[in-house]
There are 2 protein chains.
Amino acid sequence: MGLRVDIPGERFRVVYHIEGTEAEAREAARAICYEQTVEYPPELVPPGYIESWIVGRIEDVRPADGGFEVVISYAADSVGTELTQLLNVVFGNSSLKPGIRVESLDLGSSIGDAFPGPRFGRDGLRALVGAPARPLLCTALKPMGLSAGTLAKLAYELALGGIDLIKDDHGLSDQPFCPFTQRVGMCAEAVARANAETGGRCLYLPNVTAPAAKVHARAAEARRLGAGGLLIAPGLVGFDAMMSLAADPAIGLPILGHPALLGAFVVDPHHGISHRALLGQVMRLAGADSVIFPSFGGRFSFTQAECRGIVGGSTAPMGHIKPILPAPAGGMRLDRVPELRAFYGDDVVFLIGGDLHQGPSLVDSCRRFRSLVEA
Amino acid sequence: MGLRVDIPGERFRVVYHIEGTEAEAREAARAICYEQTVEYPPELVPPGYIESWIVGRIEDVRPADGGFEVVISYAADSVGTELTQLLNVVFGNSSLKPGIRVESLDLGSSIGDAFPGPRFGRDGLRALVGAPARPLLCTALKPMGLSAGTLAKLAYELALGGIDLIKDDHGLSDQPFCPFTQRVGMCAEAVARANAETGGRCLYLPNVTAPAAKVHARAAEARRLGAGGLLIAPGLVGFDAMMSLAADPAIGLPILGHPALLGAFVVDPHHGISHRALLGQVMRLAGADSVIFPSFGGRFSFTQAECRGIVGGSTAPMGHIKPILPAPAGGMRLDRVPELRAFYGDDVVFLIGGDLHQGPSLVDSCRRFRSLVEA
């Protein structure tokens, strides 16, 4: 090692969980320090700024969950001000090695200040729908294959029944059976009509997950057509594409982040990125005002602890970045709302899809849903 | 089940590997058919077009590797013409379930025609560097933290020594120590100067992995400044962002695809997307002319079989989509070139980074590298 040079600037921290003995974990941690920065033989790294500042630095090693938690700090300089490069430094190449999992991020003020975070956050989203304290109600327009007109009829009934957030199913993009512009225009109009009747403030959130060159244009068109928010899946378009929508005042709509394709990061408990870090912290940093995830007890396999991690990442202090609302989903049912409310509390969006369609009347199912969160 | 309706249009196929007994695999496969399309209770799915055409269809179930390979077909309609939605239908929500791995894609002509694939491919890239038959030589400008001027000096020596493709290290973005425009201008000039001296056709490929709003502008600027190609990490920017560069004739540069962050998909052998499908087929579909991956025997853990899978996905027939060159990397050394050549053959890009810097003369190390592939 060369001299440690005192250089003005800041470092941020990443907590990794690493499998193996302490010696193995320390060796893996040392490899991460180089892999995530210089990618260069340690003995050839130039002394001074690069060796002492740019190379990652092990700050702590402690036993955890049958392996070790290792805290590594990186220079804010290694990132600059770009979210793509932040994710690259956190886990780019090390994602290709087994037995390494990003547990959490501590970005500090230097990196954190570069990112605006969610425009609305928990309180802003509550204000938009006029529900300052109770859980918010969300559902999806589905199934894929219905025409825009049929989806608009559903949207009207759902809004009439008291749903707060009506999102496109995330599988609705711009298919021949239901083109984007037609769908968004008709559904936004249907929700506005229901709001006029009820005096409610239901928002329609079309899916703007789209090719890179079209994401921004679709969001702008959605706004023009009267959408009240946006749905986007950053695993498909990249986290920065979501962030660019959140940061743009000309868009200025709340964003629901969808976890499509991101499961690959979280499912293996020994590898990837934790539920807390990815679906909580990164979703939030990248501008989601609410994050959808498959709750325990539905069609998916997330545990209670993993769901609690997402809630923590969505709400724990993170500099100037606003807290956001977790949106448990994935096969939730009306009869589970009391149980889910006991677990998640009231700072939550309940997303129920298919189960609302089980009864004879969609409007009545929505009213029952609403009464469960107003109880 | 309702009537099966004959509807004009095409279906494409995805092969999944599913863990468990045959009964469990069939049940999981049925769940995938709904999860990836309608996300709706099966008993409520409308008969006709949606039930018979939009819902995924199990085409085959066969034992494989201690579990089952299941072939599921989907309507081309469910995708439309967007790569983001193709990836969503292939694995969006099912990525959130354990024990499911995408093994390979068979897109057929309907979907395949929507995507142009790589602009140059294997033969086009060979033509650009004037090497019709031998392995191509690639290296990276590193370590992160050097100034643009120092990197340009390295680029000059590397080009002088006979390297074909000099890429930015993928950790170089637009940091304060080495801003993008300054780096690209100086390195492109240095490589052009070396080419003028040697009569060679070395290409410089700057990293355009960047925020969504900047990817295209950086690529255009790189072209204007004399870059000969581009490096991009689709795991950070989204696969469609890479494809949009490949498809744009105003950019018109060959693309090296980097696997940063994509390791989360491939590392768990029981979950995610196979090396073949992700780093071979999807990289290629999304326009990479060559795909970088960590080869067996380096700093990473990919096996020979996994590397062979990437080669297969990069080169096996795929409609009109051109074959591309695999670029094994990740701690490769000069002394392993004969062994790697025996394994990969001559249709390959050898990417050696740090090891070129071990000797007293960088130019001499490059010349030795070149002689090893001309032997």
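Structure: above.
Please read these numbers as outputs of a predicted model, since none were measured by experiment. (Residues numbered from 1 in each chain as written. Chains lettered and ligands numbered in written order. Predicted model: local features only at pLDDT ≥ 70, side-chain atom pairs only at ≥ 80, totals over all residues. Heavy atoms only, no water.)

Draft legend 1. Focus on the pairing of strand 11 (residues 290-294) of chain A. All names here are of chain A. The buried fraction of strand 11 is high, at five of five residues. Burial of the side chains of strand 11 extends over both faces: Ser-290, Ile-292 and Pro-294 are buried on one face and Val-291 and Phe-293 on the other. Pairing of strand 9 (residues 255-257) with strand 11 involves two bridges; the strand directions are parallel. Note on strand 11: the bridge partner recorded for Leu-256 is Ser-290. Judged from the five bridges that link them, strand 11 and strand 12 (residues 325-329) form a sheet pairing that is parallel. The residue of strand 12 that forms the bridge with Ser-290 is Leu-325. (Buried < 20%, exposed > 50% of the residue type's maximum accessible area, 1.4 Å probe, protein only. Helix = DSSP H or I, 4+ residues; strand = E, 2+ residues; numbered from the N terminus. Pairing = 2+ DSSP bridges.)

Draft legend 2. Fine view of the pattern of salt bridges. This structure, assessed with the given rule, holds 39 salt bridges over all chains. Close ionic contact of Glu189(A) with Arg193(A) constitutes a salt bridge, the shortest N to O distance being 3.1 Å. Within this pair, Glu189(A) and its partner Arg193(A) are both found in helix 7 (residues 180-198), separated by four residues, close to a single helical turn. By relative accessible area, which is 38% here, Arg193(A) ends up partly exposed. Residues participating in the shared-partner salt-bridge network are Glu35(A), Glu39(A), Lys97(A) and Arg299(B). (Salt bridge = Lys/Arg side-chain N within 4 Å of Asp/Glu carboxyl O.)

Draft legend 3. Quick peek at the side chain of Asn88(A). Note on placement: Asn88(A) falls in helix 3 (residues 83-91). Its relative accessible area of 4% is what places Asn88(A) among the buried residues. In this structure the side chain of Asn88(A) is engaged in a polar contact, spanning 3.0 Å, whose partner is the side chain of Gln85(A). Excluding anything up to four places from it in sequence, Asn88(A) contacts Gln36(A), His170(B), Gly171(B), Leu236(B) and Ala260(B). (Polar contact = N/O pair within 3.5 Å; in protein donor to acceptor, adjacent residues only side chain to side chain. Contact = heavy atoms within 4.5 Å.)

Draft legend 4. Molecular detail of helix 3 of chain A. With nine of nine residues buried, helix 3 of chain A lies mostly within the body of the structure. Residues Leu83(A), Thr84(A), Gln85(A), Leu86(A), Leu87(A), Asn88(A), Val89(A), Val90(A) and Phe91(A) constitute the buried set of helix 3 of chain A.

Draft legend 5. Geometry of the relation of the copies chain B and chain A. With an RMSD of 0.0 Å, the operation that places chain B on chain A is a rotation of 180° combined with a shift of 0.0 Å along the axis. Read as a symmetry element, the transformation amounts to a two-fold axis. For chain B, the residue whose C-alpha comes nearest the rotation axis is Gly238(B), separated from it by 2.4 Å. (Least-squares fit on C-alpha atoms with pLDDT ≥ 70 in both.)

Draft legend 6. Focus on the interface of chain B and chain A. In this complex, chain B contributes 73 residues to the contact, which on the side of chain A involves 73 residues. With both chains or domains summed, chain B and chain A bury close to 6200 Å², and 62% of this area falls on carbon and sulfur atoms. Applying the counting criterion to the chain B and chain A interface returns six salt bridges. The salt bridge involving Arg299(B) is made with Glu39(A); its shortest N-O contact spans 3.9 Å. Across the chain B-chain A interface, the total number found is 28 residue pairs in polar contact (both at pLDDT 80 or more). Among the elements of the structure, helix 2 (49-54), helix 3 (83-91), helix 9 (234-237), helix 10 (239-247) and helix 11 (263-266) of chain B are those that each provide at least two residues to the side of chain B that touches chain A. Considering each element in turn, the side of chain B that touches chain A owes the most residues, five residues, to helix 3 of chain B. (Buried area = accessible area lost by both parts, 1.4 Å probe.)

Draft legend 7. Representation of the pairing of strand 1 (residues 11-18) of chain A in the model. All names here are of chain A. Of all eight residues making up strand 1, seven are buried, and the element is well covered by its neighbours. As paired elements, strand 1 and strand 3 (residues 67-75) share eight bridges and run antiparallel to each other. Following the sheet pairing, Phe-12 is matched in strand 3 by Tyr-74. Where strand 1 lies against strand 4 (residues 100-106), six bridges are found, and the strand directions are antiparallel. If you follow Tyr-16 over to strand 4, its bridge partner there is Val-102.

Draft legend 8. Inspection of the environment of Tyr34(A) at higher detail. Residues and elements named next belong to chain A. Mapped onto the elements, Tyr-34 comes out in helix 1 (residues 22-35). Along the sequence, Tyr-34 and Leu-136 sit 102 residues apart, while their C-alpha atoms lie 45 Å from each other. Once residues within four sequence positions are removed from consideration, Tyr-34 is found in contact with Glu-39, Tyr-40, Pro-42, Val-45 and Val-55.

Draft legend 9. Examining the side chain of Arg284(A) more closely. Residues and elements named next belong to chain A. Structurally, Arg-284 is set in helix 12 (residues 275-285). Buried charged residue Arg-284 carries no salt bridge. Nearest counter-charge: Asp-289, at 9.6 Å. For Arg-284, the side chain forms a polar contact with the main-chain oxygen of Ser-314, separated by 3.4 Å. Each residue touching Arg-284, except ones within four places of it in the same chain, is listed here: Gly-117, Pro-118, Gly-313, Ser-314, Thr-315, Ala-316, Pro-317, Met-318, Ile-321, Lys-322, Pro-323 and Ile-324. (Lys, Arg positive; Asp, Glu negative; His and termini not counted.)

Draft legend 10. How the structure looks around the sheet that holds strand 6 (residues 165-168) of chain A. Residues and elements named next belong to chain A. A sheet is described by the order of its strands in space; here four strands give the open sequence 7-6-5-13, paired in parallel fashion. The open sheet is flanked by strand 7 (203-205) and strand 13 (349-351), the only strands paired with a single partner. Each strand of the sheet is rotated relative to its neighbour by a mean of 25°, with strand direction disregarded. Note that strand 6 and strand 7 share three bridges and pair parallel. (Axes fitted to C-alpha atoms, helices over the stretch in contact; angles between N-to-C directions.)

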